[in-house]
Structures are given as C-alpha cells and as structure tokens.
Amino acid sequence: MSYSSSFVHDYVRRLEQASYAGGRLYSGEIPCYDVRDAADRDLLVSTSTPESFVLGTGASIFTDAILPAIASAASEVIFVTCFWAPSKTLSAFHDVLAKLAAHRSALIRDAAARGAPPIAPLRVRICLSSRSVLQKLLHPQSRNGYIYPPSAWQKQLGLPDPALLSAAGIVLSVKSLFFLPFSVMHPKFVIIDRERAFITSCNVSWESWLEGCVQVTGGAVLGLLSFYARTWEIDLDFRTPLERQLSSSQRLDALETGLLAISSAAHYRVAIPPKAAALPTLVLPSTHHRNPRFRPLPWQASPEVPATPLNVAILELFDRAERSIYVQTPNLTCEPAVAALLEALKRGVDVTIITSCNMMLLEQLLTAGTTTSRCIRLFVSRFRQLKGESGGHQLGRSVRRGHLRDASANSLQDLEAGRPRTGRLRISYFQTRPTSKSSDHEGRPLMASQSEEEEPVHSHLKLTIVDDEYTVLGSGNMDRASWYTSQELGVLFHDGEFAAAVKAGVDTVLDGRLKSIIDSTRDRG
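The rules we used
Residues numbered from 1 in each chain as written. Predicted model: local features only at pLDDT ≥ 70, side-chain atom pairs only at ≥ 80, totals over all residues. Heavy atoms only, no water. Helix = DSSP H or I, 4+ residues; strand = E, 2+ residues; numbered from the N terminus. Buried < 20%, exposed > 50% of the residue type's maximum accessible area, 1.4 Å probe, protein only. Contact = heavy atoms within 4.5 Å. Areas by Shrake-Rupley, 256 points an atom, 1.4 Å probe, with all protein chains shown as cover. Axes fitted to C-alpha atoms, helices over the stretch in contact; angles between N-to-C directions. Parallel < 35°, antiparallel > 145°, perpendicular 65-115°, else oblique. Left-handed = near helix turned anticlockwise from the far one by under 90°. Nonpolar A, V, L, I, M, F, W, Y, C, P; charged D, E, K, R; others polar. Pairing = 2+ DSSP bridges. Salt bridge = Lys/Arg side-chain N within 4 Å of Asp/Glu carboxyl O. UniProt positions renumbered as here; feature names shortened; annotations may be inferred. Patch = residues over 30% accessible without salt bridge, like charges linked within 9 Å, V, L, I, M, F, W, Y side chains within 5 Å. Polar contact = N/O pair within 3.5 Å; in protein donor to acceptor, adjacent residues only side chain to side chain. Phe/Tyr/Trp six-rings, centres within 6.5 Å; stacked < 30°, edge-to-face > 60°.

- Under the annotation held in an unreviewed UniProt entry, the chain carries the name PLD phosphodiesterase domain-containing protein and is attributed to Lasiosphaeria ovina.

Structure, rendered in structure tokens:
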C-alpha cells in the first residue's frame, strides 16, 4: 500500500467485509478484484501527480488536452470511452490519427533510407460501449465483446483508412462491450505510453455539455492499466513498462498536426499547485452488474448497493464528513446516495449539490424509474422535515468546535441534548449563459476554429469534494445506473490544495450558470 490513513483503513475494511462470491468481489463481473490480496489492493491504493485539470465542453477538452497527447504517443495509446458518435470530436480524432500516420510514414521512409533500425509499431486500442440503441440491442453478450473489422473502421466508426494506418505501423484494434439490459461500460480515460493518463467525463459525442478532465502521472497509472486489462484485454502484461521507441525529436508535436482547438465559453485550465511529493490516490473501479434487483422488497427502502470500490468510497466519505460535501452530478436518482447526504445534513454537515434538470430523461426513467427533478423535490421535502424534527435550531460552526459564546439558549439546549445543528443545504440546476470569449487560466485567448464558441447546455461533470480535502473525479454519477448497473471508474485525490484548486476552477466556470433551487439559510419552507 502506497500510503495509509484512517480513511483508507476504514475503506479497505469496509470492502473486505462486503459480500464476496467465490472469494472475490463480484466474481464473474467486470472487472474483478480481491481486496484481501495485497497485489490487488496495491493497484487501488496508490499515489499520483496531477499534471493538469481542464474544464470545458467535450470537444474543447479533446482538442486542447487529449488529442495533442495522442499525437505525441511513441509506443501505445489506450483510449476508452462509453459513447461514440459522429461529431466535431470524432472529426478531430480522425484528423489527428491521419496526421500521426503521415508523420510515422515519413519516419519509416527516413529510417529505411539511412539504414537505421526500423521504427517500432504504435499500438492503438479504442474501446467503446455505446453507438446506438440498435447496436446495443444486437450486441454480443459475451465477455469477449465485439471486435470491429478493419472494413468497418471508416464507414461505421469514422476512422482513417486502414491501409494508411497499417503503412504507418499503427496497429489499431477497436472493441466494444455491452451487456443487456443496462450495463454500459461507462468509464472514459486515455493512457499514453503507460506513463500518463487522462481521466475525463466526456465521450466522443456531439453533446455540448460541461465536462472535466484531469491528467495524472505516477503510480496510479498502473492501477488504471490494470483496470483496462481486466476489462478489455485480459492477457495484457500491464506491469511491464514500455521501452521508449521514439526520441523526443521524432515525436509529432501538437502544432504540427494543424489541430485547431474547438472554442468554448466554459473552457478553463486550472492551475495545479506544485507539490514536493505525489498525492495519496485511490483508483476506484465499479463493477458492472447485469441483473440487479430493480425494485426493493416491500420492507426495504432501496435495494442493497453493490459494494464496489467506488460505491464504498463515496459512502465512506459521506459517513465521515465533518464540515462540507460538494457534489456535482448530471443526475441524482440513487436513493442510498440521497439518504447518506441527508444523514450528513442531520449531523450538521453543509451539503451543496449541482445537477442538471431534464437531462437524459428517457435514460433516467428506464434505469431508475424516476427523474432527477422529482428526486430533488423529495430531497428538499425530506430536508425540511428533518429541520422540523430538529427544531430548526442552527448551531454555528463555532458551537460544533466547542466555542459556545455565540450560541443561543435554545441551541445550547440542543447541543447538551446531543442534537447538532442541521447542515446548510444548497441545490442548484446548471443552466446556460450567453457565450463569452474563451480564455485559459492566465487569460490568454485559446486558438479557435471558425465555428462559434460552444456554450454548455447541461453539466456532465462528475465531482465530489468532502471537507475541502478529498476530491473524486471520474465517470460515476449519483444516479441509479452508475451505482447499480454500469461499469464506472473514479479516482480519489487526498490533498487540500488540489481540492481547493479544482473547486476554485469549477466556481469560476459556474459563475452565471446556476439556478438556485434551495439555500436553507434563506429558505422559509
């Protein structure tokens, strides 16, 4: 284990006490880990160095951060996404691969002319889950998934000519996995040369949504490689580092691709504070589940939550929260998550929720039998009932820390009776705002295409920050699909300065893009 803390100790213990099948956590579902095995545990409990955090639309993030990294790859590109569709992002992806192929073909010709050693192949693995409703209905229900033949790359997937890629020594493979009825492989991440990884919320898609992407190096990359191998390429020797195949001068520079950054009014590069040491990091996979109990039994408030590393970590964070919980999620339809947030409010923890209204309504109804807007209304109603049961007394934070001079007599009586104040609840819906000129963190204008700036219409960012100290990013939503049926991937960073930088960047982007639903300090019921 790369680091230890009381949180990690309780998290691992909670996982170890979870239900096992055949001695392994959710054996037979993807991916499978045994947290009682030290080797598996060390893949999940690690360290990393966050190199960058970028906010924007999917297209702006891809063209600013992810595609330039792919263009510079020397040995291997692992590209995992959920949804794949014709879009500006896909067009840019095609163009970068074509430019990379032309660059590598020139290197191959030059090496042959000089009698130099041949240029080693570049492995490119593209992994996806969803292209259309029909594709999912007809998808093979095998663990091996579906391998797209080269004849389908151009017409079905919008990729370059296979002959162009082959001549450049680019060994491409495209695979999809999906399990009926609702088990998509929902993670989105990219690993370049087994040295750096991008964990993002955005798909290869046309949707203009607010997204986020964090780039990391360090030990956690091995955990991400393990997650990839156990899902997509079971025979991969992921522990063996790749030899450097190209020198720095031989790699394709992003400027040489001619790639134009797609501009977004919400695009923002967050300045990450430099650290002397790597950050404590947890890699949090969440296994897909094909046949969860859709409805609870009559005596149950909700079905039991699958005890995946991501689910357990989020619940452990909510249970341990002392001061604040910040949640930004596309949808909120998971009852156990809602219940845990209400319990935190009951303990006096302040809770802020940013979500979207009327986003993916059909998907919500199919996977959860409800909608975010309905769950938010019920959440607010239950919170007001909770405040009524506590007498409505609000203890200041100084009271909870033992400094009582500012407390009212009634609040003091509640404190003596063991009743802490009810935490402050703030819930807002994301909304669009008039587009403005896009800039990076230092205020420099981004290189823009000829098209207008993209203004996000929904927030698709998945972000949890607890006590201004723990930050979780990745693919997991606070909806029923993410907690019960989809495969997910989260990454937890334990560092207050990183949490503060991420939160400050998000606040900047959200300025003018929120519609308040409730702020309990002003709420009159």
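1. Remarks on the overall build of the chain
Part 1: From N to C terminus, the chain includes 16 helices and 20 strands.
Part 2: Among the 525 residues that make up the chain, the fraction classed as buried is 57%.
Part 3: Pairs at least 24 apart in sequence give 81% of the contacts found in the chain among residues at least 6 apart.
Part 4: For the chain, the exposed surface amounts to about 21,500 Å²; the carbon and sulfur share of it is 53%.

2. Some words on the packing of helix 1 (residues 6–16) against helix 9 (residues 309–320)
Part 1: Orientation of helix 1 relative to helix 9, taken along the N-to-C sense of each, is 130°, at an axis distance of 10 Å. Viewed along their axes, helix 1 and helix 9 adopt a mutual orientation that is oblique. Crossing angle aside, the handedness with which helix 1 passes helix 9 is right-handed. Contacts between helix 1 and helix 9 involve Ser6, Phe7, Asp10, Tyr11, Arg14 and Leu15 from the first element and Pro309, Val312, Ala313, Leu315, Glu316, Leu317, Asp319 and Arg320 from the second.
Part 2: Across the contact of helix 1 with helix 9, the residue classes tally to eight nonpolar, one polar and five charged.

3. Section: the pairing of strand 15 (residues 425–430)
Part 1: By the criterion of burial, strand 15 is predominantly enclosed, with five of the six residues buried.
Part 2: Two strands pair when backbone bridges link them, and strand 14 (residues 350–355) and strand 15 are joined in this way by five bridges, in the parallel orientation. Bridge pairing links Val351 to Leu425 in strand 15.
Part 3: For strand 15 and strand 20 (residues 514–519), the ladder comprises five bridges, and the chain directions are antiparallel. Bridge pairing in strand 20 links Tyr429 to Lys515.

4. Examining the pattern of salt bridges
Part 1: The tally for this structure, following the rule as stated, stands at 22 salt bridges.
Part 2: With its nearest N and O atoms 2.8 Å apart, the salt bridge here joins Glu316 to Arg14. On the criterion of sequence distance, the pair formed by Glu316 in helix 9 and Arg14 in helix 1 is long-range, its members being 302 residues apart.
Part 3: Given a relative accessible area of 8%, Glu316 falls into the buried group.
Part 4: Owing to a relative accessible area of 27%, Arg14 belongs among the partly exposed residues under this scheme.

5. So, the UniProt feature "domain: PLD phosphodiesterase" (unreviewed entry) in the chain
Part 1: Listed under "domain: PLD phosphodiesterase" (unreviewed entry) in the UniProt record, and renumbered for this structure, are residues 181–208 and 460–482.
Part 2: Helix makes up 0% of residues 181–208 and strand 39%, and the two end C-alpha atoms of the span are 27 Å apart.
Part 3: Secondary structure content for residues 460–482 is 13% helix and 39% strand, and the end C-alpha separation is 13 Å.

6. Points about helix 1
Part 1: Buried within helix 1 are the following residues: Phe7, Val8, Asp10, Tyr11, Val12 and Leu15.
Part 2: Packed against the buried residues of helix 1 are helix 2 (38–44), strand 1 (45–56), strand 12 (279–286), helix 9, strand 18 (470–474) and strand 19 (488–494).

7. Focus on the environment of Thr257
Part 1: Structurally, Thr257 can be placed in the loop between helix 8 (220–232) and strand 11 (268–270).
Part 2: Using a relative accessible area of 7% as the deciding quantity, one classes Thr257 as buried.
Part 3: Spatially, the C-alpha atoms of Thr257 and Leu67 are 9.8 Å apart, while their sequence positions differ by 190 residues.
Part 4: Those residues within four positions of Thr257 in sequence are excluded, and the remaining contacts are Ala71, Lys99 and Leu252.

8. Some remarks on the environment of Arg14
Part 1: In this structure, the C-alpha to C-alpha distance between Arg14 and Glu316, residues 302 residues apart in sequence, is 8.4 Å.
Part 2: For Arg14, the residues in contact, after removing those within four places along its chain, are Val312, Leu315, Glu316 and Asp319.

9. Considering a nonpolar patch on the surface
Part 1: Nonpolar side chains collect at one region of the surface, where Val133, Leu134, Leu137 and Leu138 lie side by side and expose about 450 Å² of accessible area between them.
Part 2: With respect to the helices and strands, Val133 occurs in helix 5 (residues 133–137).

10. Concerning the side chain of Thr231
Part 1: With respect to the helices and strands, the residue Thr231 is situated in helix 8.
Part 2: You can call Thr231 buried: its relative accessible area is 0%.
Part 3: Polar contacts involving the side chain of Thr231 include one to the main-chain carbonyl oxygen of Phe227, which spans 3.1 Å.
Part 4: If we skip the residues at most four places from it in the chain, Thr231 touches Ile30, Pro31, Arg143, Leu177, Met185 and Gln487.

11. Focus on the packing of aromatic side chains
Part 1: All told, the structure shown has 10 aromatic pairs when counted by the stated rule.
Part 2: With 5.6 Å between their ring centres and 70° between their planes, Phe83 and Trp206 make a pair best called edge-to-face. Note that Phe83 is positioned in the loop between strand 2 (76–80) and helix 4 (88–114) and Trp206 in the loop between strand 9 (196–200) and strand 10 (209–217), a separation of 123 residues in sequence.
Part 3: Judged by its relative accessible area of 18%, Phe83 falls in the buried class.
Part 4: The class for Trp206 is exposed, based on a relative accessible area of 52%.
Part 5: Taken together, the ring pairs in this structure connect Phe62, Phe79, Trp84 and Phe93 into an aromatic cluster.

12. Brief notes about the packing of helix 3 (residues 58–71) against helix 4
For any two helices packed against each other, the geometry comes down to the angle between their axes and how far apart the axes lie.
Part 1: Relative to each other, helix 3 and helix 4 sit at 15°, their axes nearing to 10 Å. Taken together, the axes of helix 3 and helix 4 are roughly parallel relative to one another. Note that helix 3 runs across helix 4; the crossing there is right-handed. Contacts between helix 3 and helix 4 pair Gly58, Ala59, Phe62, Thr63, Leu67, Ile70 and Ala71 from the former with Thr89, Ala92, Phe93, Val96 and Leu100 from the latter.

13. A look at the pairing of strand 8 (residues 189–192)
Residues in a regular strand point their side chains to alternate faces of the sheet.
Part 1: Neither face of strand 8 is exposed, since Phe189 and Ile191 on one face and Val190 and Ile192 on the opposite face are all buried.
Part 2: Taken together, the four bridges between strand 2 and strand 8 define a ladder with antiparallel strand orientation. Its bridge partner lying in strand 8, Ile78 is registered against Ile191.
Part 3: Here strand 8 runs beside strand 9; their pairing, made up of four bridges, is antiparallel. Within strand 9, the position partnered with Ile191 by the bridge is Ala197.
Part 4: As consecutive antiparallel partners, strand 8 and strand 9 are separated by three residues, and within that stretch Asp193 has a phi angle of approximately 55°, a positive value.

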